[in-house]
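Here's the letter readout for the chains.
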Amino acid sequence: MSQSQTIHAPEVIHDVAALRARVRGWRAEGLRVALVPTMGALHEGHASLVAEGARRADRVVTSIFVNPTQFAAGEDFSKYPRTLPTDLAVLARVGGHAAFAPSVEEMYPPHFCTGVTVAGPAKADLEDRFRPTHFAGVALIVAKLLNQAAADCAIFGEKDYQQLKVVTQMARDLDIGTEIVGAPTVRESDGLAMSSRNVYLSPEDRARAPAIYKALTQAATRIAAGEALAHVMADARENLVSAGFAVDYIEARHAETLARVARRIDGPIRLLAAAKIGATRLIDNIPVSL
Ligand code: PAF
């Protein structure tokens, strides 16, 4: 960035009323608004979501909220990285206009007692098999954020592919007027998908972590070349196990419905994986080109 370029600090908003007032003001000026929901610990993957928001709208609000309802007991809610000052610096660099950083009490006031249950993609037997309460928490907080921000579009990373499908379904079913947009996964130079949880990886595990992307890309190439799906996916699992992963799943699914697919012609196909290296659970996914 040249020295002459001005970096604008994003406006930090902590309460829903102020968020609504800010968005209302932008709308009154005829401006389009994008929402980028995040849990903070922003990295280049998030920066690309904000950039996508800026391509589609005049103002981008990034929500930063570590949502307790999407973590089960024993998951990493308390140790999840909370880095608001550096998050604001990232947003300033990429041109985010506002950060919505509410407290837990603001989002879940006393006597809060409403839930959002999604079936379909939320019951695909992928993440939901290992995190059975996760998507109820995601659907709830995203429904709230979409309702609060009333943005024209909201940008979600394809890295959390099942989440993207769940949020799309929920927004459609609840007639939420915000367009849900998926944006491509951003990767490190060795292929590892960027994730706020990568900070948990020990140096040894970090060195082995790209094996998950390698297993997926090898499998996608073989399926595209016409090899039998079941055989290829069994090899992919084996490759991950040999690289030291404890595999939760590595599967070929229909890219839209997440239903199981037996043959390449049943696609479009998405390959999805979740596996633990050391104490860190990584997820990733890629399309199979036709
Ligand atoms: O993907 C995430 O960071 C979270 O699941 C989301 C969508 C911000 C909801 O808390």
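Now for a description of the structure that goes with this document. Since we're looking at a predicted model, the values are computed, not measured. (Residues numbered from 1 in each chain as written. Predicted model: local features only at pLDDT ≥ 70, side-chain atom pairs only at ≥ 80, totals over all residues. Heavy atoms only, no water.)

The next point concerns the packing of aromatic side chains. Inspection of the entire model under this criterion finds 5 aromatic pairs. Ring plane angle 40 degrees and centroid distance 6.3 Å describe the contact between F65 and Y108, whose orientation is recorded as tilted. Of this pair, F65 sits in the loop between β3 (59-64) and α3 (84-94) while Y108 sits in the loop between α4 (104-107) and α5 (127-130); the two residues are 43 residues apart in sequence, bridging distant segments of the chain. Taken individually, F65 and Y108 each receive the classification buried, so the pair is uniform in this respect. An angle of 75 degrees between the planes, with centres 5.9 Å apart, marks the rings of F71 and Y80 as edge-to-face. (Phe/Tyr/Trp six-rings, centres within 6.5 Å; stacked < 30°, edge-to-face > 60°. Helix = DSSP H or I, 4+ residues; strand = E, 2+ residues; numbered from the N terminus. Buried < 20%, exposed > 50% of the residue type's maximum accessible area, 1.4 Å probe, protein only.)

The element strand β2 (residues 33-38) is largely enclosed, with a buried count of 6 among its 6 residues. Inspection of the sheet shows β2 paired to β3 by 6 bridges, in the parallel sense. Pairing of V33 across the sheet is with R59, part of β3. Regarding the hand of the β-α-β motif, the stretch spanning β2, helix α2 (residues 44-56) and β3 is right-handed. Note that β2 and strand β5 (residues 153-157) share 2 bridges and pair parallel. Looking at β5, one finds that A34 is bridged to C153. (Pairing = 2+ DSSP bridges. Right-handed = clockwise from strand over helix to strand, strands pointing away.)

This part takes up the packing of helix α1 (residues 16-28) against helix α6 (residues 134-149). Where α1 contacts α6, the two axes come as close as 8 Å, and the packing angle between them is 50 degrees. Judged by the angle between their axes, α1 and α6 are oblique. Facing V16, L19, R20 and V23 of α1, the residues of α6 in contact are N147, Q148 and A149. Looking at the contact of α1 with α6 residue by residue, the classes come out as 4 nonpolar, 2 polar and 1 charged. (Axes fitted to C-alpha atoms, helices over the stretch in contact; angles between N-to-C directions. Parallel < 35°, antiparallel > 145°, perpendicular 65-115°, else oblique. Contact = heavy atoms within 4.5 Å. Nonpolar A, V, L, I, M, F, W, Y, C, P; charged D, E, K, R; others polar.)

Moving on, we get to the environment of G53. Note that G53 resides in helix α2. Expressed as a C-alpha distance, the spacing of G53 and H43, which sit 10 residues apart in the sequence, is 16 Å. Beyond its immediate chain neighbours, meaning those up to four positions away, G53 contacts A34, V60 and I155.

Read from one edge of the open sheet, 3 strands run β7-β8-β9, paired in antiparallel fashion. Every interior strand has two partners, whereas the edge strands, β7 (246-254) and β9 (280-287), have only one. Averaged over all pairs of adjacent strands, the angle between strand axes in this sheet comes to 10 degrees, irrespective of strand direction. Docked against the sheet, helix α9 (residues 211-224) engages β7, β8 (269-277) and β9, running at close to 25 degrees with respect to β9.

Around the ligand, the neighbouring residues are P37, T38, M39, N67, Q70, I141, F156, D160 and Q163. Between an oxygen atom of the ligand and a side-chain N or O atom of Q70, the distance comes to 2.6 Å. Surface burial for the ligand is 90%, taken as the share of its 280 Å² of free accessible area covered by protein chains. Its residues assigned to classes, the shell around the ligand comprises 4 nonpolar, 4 polar and 1 charged. (Near = heavy atom within 4 Å. Polar contact = N/O pair within 3.5 Å; in protein donor to acceptor, adjacent residues only side chain to side chain. Areas by Shrake-Rupley, 256 points an atom, 1.4 Å probe, with all protein chains shown as cover.)

Let's shift gears to the packing of α9 against helix α10 (residues 229-242). Each pair of packed helices gets described by two things: the angle between the helix axes and the distance between those axes. With their axes 9 Å apart at the nearest point, α9 and α10 run at an angle of 165 degrees to one another. By the angle between their directions, the pair α9 and α10 is classed as roughly antiparallel. The crossing of α9 and α10 is right-handed. Across the interface between the two elements, A211, I212, A215, Q218, A219, R222 and I223 from α9 touch L229, H231, V232, M233, D235, A236, N239 and L240 from α10. Residue composition of the contact of α9 with α10, grouped by class: 10 nonpolar, 3 polar and 2 charged. (Left-handed = near helix turned anticlockwise from the far one by under 90°.)

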